[in-house]
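Each chain, letter by letter, is given below.
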Amino acid sequence: MGHRLGDIELILTPQADGAIWRFALDTERLPSFARGIQDEGGQLLALWGSDDRHLGAGYAVHVAFLSSVGLVWTSSALPADNPSYPDLAAIFPQADRMQRATFDLLGIRAEDAVDSRKWLRHNAWPENTYPLRRDFAAEPTRQLDAYPFIRVEGDGVHEIPVGPIHAGTIEPGHFRFSIIGDRILKLEERFGYTHKGTEKRFEGLDLATGAKLAGRVSGDSHSAFAWAYCLAVETATASAVPERAVWLRALFLEIERVANHLGDLGYLGNDAALTFGFVQFWRLREDWLRMSAKLFGHRYLFDCIVPGGVAVDISEPGKAELNALADRIEAEVHELKAIYDEHAGLQDRFANAGIVKPALAARLGLTGLAGRASSQAWDARAQFPQAPYDQLDVNMGTHRRGDVLARAEVRFVEIFESLRLIREILGRLPAGVLYAPPTRMDAACEGMGWVEGWRGPVLVALRIGADGCLDRVHPHDPSWQNWPLLEVGTLGNIVPDFPLINKSFNLSYSGQDL
Amino acid sequence: MATHLILQKIFKTGIVSEPQPAADLALRTHEQQLHAEILKVFGQALVIRHIDAGSCNGCELEIHALGGPYYNIEGIGVKFAASPRHADLLLVTGPVSRHLETALKRTFDATPEPKWVVAMGDCGCGAAGAMFGPNYATIGPVREVIPVDVEVPGCPPTPTAILQGILAAVSGK
Ligand code: SF4
């Protein structure tokens, strides 16, 4: 099918409901293509590589671009010796860490990149060895991670190193603050501590086990990742999924969104010294989780989405119970919102803290919930709706302020919208079976899944080998592109506001450490 | 006025805390040599330091949930601390990633004796079916890196199961 993107004529191969398009691109044309996407207002969502030598090729670099026609997945073949491609971070700065990680894991280099420091590698494997290469067999090194932080110097500048083990119950990572007095001059992040070799683990797994692992890339986004993974499998194998299962998947995704937003709104209250907010929201969240356990057998709906469909159903009495709880939570969240709106102390802390202005958000590729709070009006459910969202008319929540207040506000809007969607799904749930086994292909095949998780767009790209097992899987969490905006959003703020600002983004470590 | 609305909501909500569960002694990895002395020292209060040694963050969700009003852990004397130096017990999640091995050991060393370690989650316990086991990037269960007293399996274990494991570690029965 022909399509125009700016002044580029594309022959695209449609995948998954026409929301995703595949395009083989010469490496040299990557930058001009990326600029074309940028000129028409698009973004770079993900960049990763693959070792294709066992398929008689070299390596490949893959990019997922968000554009006016949907998601464009480009693949560029690279030679087996000295694989490299032109730097894209000069065009899309969010590519920086993804390019560095691709080098750490595969030894594929972005030529002329400004920042070529390591990113995911600390000391689990030595320099010049690459875990995602097929012939990787290195042993861990015993050196300490010597990472060259960028230093800020001058009179009265101090450094505060925080982490990797943090003071609260949060994931591990390192934050290096350079401050004058209480003001933050610079924040630099160092991640990769929870690197679990997730992508390597996928290699050789059967499709069902792969879904379980995908759901655990970032535990708080289980349904988003599991669904994206299953979509990728089903696209690759051209398998049809029963309608009831498709609707139940959306039900699970919206339940997950509500659970996370309730928790975050509670913590935002807590971090602004309103413990009342924490207690109330976490009471509601616990009611919500217990309902999931009762109806679907797991508080976080783990392993409910499987390749080919879903593993659990909902009964008529179950629907009534879930509807009733959705009604109660909606009413209570309205009450709590009235309190948050009127609480002068809370508003004072939320407003103007951690601002990311819309222009900067667009320039650096802020995405998902945080993006929408900075006028980046992208929501795959609304703009490129795949079933069942094509029949649900999702209302996107956006805000212009780009501060903690805006990110809290978007969460409120999205809770109400998700509760509406949940009731709508329950009311219109088609009858039928829950599962149809994916088609068994004779040759290697590839596919991609794209799901708007609670944090933002979640992608899974994969290749299934001729033996029917997973050959290469790349899961992408939106935290990749949003973490650098936390660095920018905290500039000029005071150190004591950092926890609040950080919480308002609530980004994943495990999801980007992989 | 926010104050008025808050008071109204508190009054309407009432007390939702539930009674504490019993210790699940089956979760112990070995017979503990606990002296009445130690229990006397700690009395009824227990300070916990949580360490994410490489988890997917699923286990953390349930530790957070434990802090919610239904479980009322502070009401039974359990409190989470920011520093291992203030802790009696380390609650460790995740398969231990190689990138956190040193940090985990150092945190353990920084915790004063006597101390307990509770490893939680299928990954942290090395339970069958754990999605993250040993490979180039992870060492595997927590017990491979520091001594563990109690293991609480589950993916993730529920808040009640975590509390039962914590109580099993510190109850001298
Ligand atoms: S046990 Fe489950 S929830 Fe916990 S870290 Fe492992 S995969 Fe995540």
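In the block above lies the structure referred to throughout.
Nothing here was measured: the structure is a model prediction, and the numbers come from that model.

1. Topic: the overall build of chain B
Regarding its fold elements, chain B presents six helices and seven strands. Helices and strands appear in chain B in the N-to-C order α-α-β-α-β-β-β-α-β-α-β-β-α. When contacts within chain B are restricted to residue pairs at least 6 apart in sequence, long-range pairs at least 24 apart make up 86% of them.

2. Things to note about the overall build of chain A
Counting its secondary structure elements, chain A contains 17 helices and 17 strands. Against the 2.2 N^0.38 benchmark of 24 Å for 514 residues, chain A shows a C-alpha radius of gyration of 22 Å, consistent with a compact globule. Over its C-alpha atoms, taken along the principal directions, chain A stretches across nearly 70 × 60 × 50 Å. Counting only residues that meet the buried cut, chain A has 65% of its 514 residues in that class.

3. Points about the nonpolar core
General note: in soluble globular proteins, nonpolar side chains tend to be found buried as a group. Counting 155 residues, the largest nonpolar core has Y229, W288, F296, L322, F350 and L462 of chain A as the members making the most contacts within it. The greatest single-element share of this core, amounting to 14 residues, is contributed by helix α7 (residues 243-271) of chain A. Other than its neighbours up to four places away in sequence, F296 of chain A contacts L251, F252, I255, L301, C304, V312, D313 and I314 of chain A. Core analysis: the second largest hydrophobic core is formed by 25 residues, L27, I73, W116 and V150 of chain B among them.

4. Focus on the pattern of salt bridges
Two side chains of opposite charge can pair, provided their charged atoms sit close to one another. Residues and elements named next belong to chain A. All told, the structure shown has 51 salt bridges over all chains when counted by the stated rule. Its salt-bridge partner being R257, residue E254 comes within 3.0 Å of it at the nearest N-O pair. In this pair, E254 and R257 are both assigned in helix α7, three residues apart and thus about one turn of the helix distant. When sorted by exposure, E254 lands in the same class as R257, which is buried.

5. Structural notes on the packing of aromatic side chains
Each aromatic ring pair is described using two quantities: the centre-to-centre distance and the angle formed by the ring planes. All names here are of chain A. Evaluated as defined, the whole model comprises 29 aromatic pairs over all chains. Ring centres 6.0 Å apart and planes at 75° place the aromatic pair W119 and F191 in the edge-to-face group. With W119 in the loop between β9 (109-111) and β10 (157-162) and F191 in the loop between β12 (183-190) and α4 (198-202), the pair connects residues that are 72 residues apart, well separated along the chain. F191 shares its class with W119; the two are buried. One aromatic cluster is present, built from ring pairs that chain together W119, F175, F177, F191, W483, F498 and Y509. Positioned above the aromatic ring of F149, the side-chain terminus of R176 is 3.9 Å from the ring centre. Positioned over the ring face of Y267 is K503, at 4.7 Å from the centre of the ring.

6. As for the site of the ligand
Around the ligand lies a shell formed by R216 of chain A together with S55, C56, G58, C59, G121, D122, C123, G154, C155 and P156 of chain B. Each of chains A and B places residues near the ligand. For the shell around the ligand, the secondary structure elements donating two or more residues are α3 (58-66) and α5 (121-125) of chain B. In terms of residue count, α5 of chain B provides more of the shell around the ligand than any other element does, three residues in total. For the shell around the ligand, a count of residues per class yields five nonpolar, four polar and two charged.

7. Section: the sheet that holds strand β11 (residues 174-180) of chain A
All names here are of chain A. Read across the sheet, three strands follow the order β10-β11-β12 without closing on themselves; strand pairing throughout is antiparallel. Two strands lie at the open edges of the sheet, namely β10 and β12, each paired on one side alone. Strand-to-strand twist of the sheet, defined as the mean angle between neighbouring strand axes without regard to direction, takes the value 20°.

8. A word on the interface of chain B and chain A
Residue-level contacts link 54 residues of chain B with 61 residues of chain A. The contact between chain B and chain A buries some 4700 Å² in all, and 62% of this surface belongs to carbon and sulfur atoms. Summed over the three residues of chain B that lose the most area to chain A, namely H99, M131 and Y136 of chain B, the buried surface amounts to 18% of that side. Between chain B and chain A we count five salt bridges in total. Residue E62 of chain B is joined to R299 of chain A by a salt bridge in which the shortest nitrogen-to-oxygen separation is 2.5 Å. Between chain B and chain A we count 28 residue pairs in polar contact (both at pLDDT 80 or more) in total. Elements that contribute at least two residues to the side of chain B that touches chain A include exactly α1 (2-13), β1 (46-52), α3 and α4 (101-110) of chain B. Considering only residue class, the side of chain B that touches chain A consists of 27 nonpolar, 17 polar and ten charged.

Conventions we followed
- Residues numbered from 1 in each chain as written.
- Chains lettered and ligands numbered in written order.
- Predicted model: local features only at pLDDT ≥ 70, side-chain atom pairs only at ≥ 80, totals over all residues.
- Heavy atoms only, no water.
- Helix = DSSP H or I, 4+ residues; strand = E, 2+ residues; numbered from the N terminus.
- Contact = heavy atoms within 4.5 Å.
- Rg over C-alpha atoms; globule rule 2.2 N^0.38 Å.
- Buried < 20%, exposed > 50% of the residue type's maximum accessible area, 1.4 Å probe, protein only.
- Core = buried A, V, L, I, M, F, W, Y, C linked by side-chain atoms within 4.5 Å.
- Salt bridge = Lys/Arg side-chain N within 4 Å of Asp/Glu carboxyl O.
- Phe/Tyr/Trp six-rings, centres within 6.5 Å; stacked < 30°, edge-to-face > 60°.
- Lys NZ or Arg CZ within 6 Å of the ring centre and 35° of its normal.
- Near = heavy atom within 4 Å.
- Nonpolar A, V, L, I, M, F, W, Y, C, P; charged D, E, K, R; others polar.
- Pairing = 2+ DSSP bridges.
- Axes fitted to C-alpha atoms, helices over the stretch in contact; angles between N-to-C directions.
- Buried area = accessible area lost by both parts, 1.4 Å probe.
- Polar contact = N/O pair within 3.5 Å; in protein donor to acceptor, adjacent residues only side chain to side chain.

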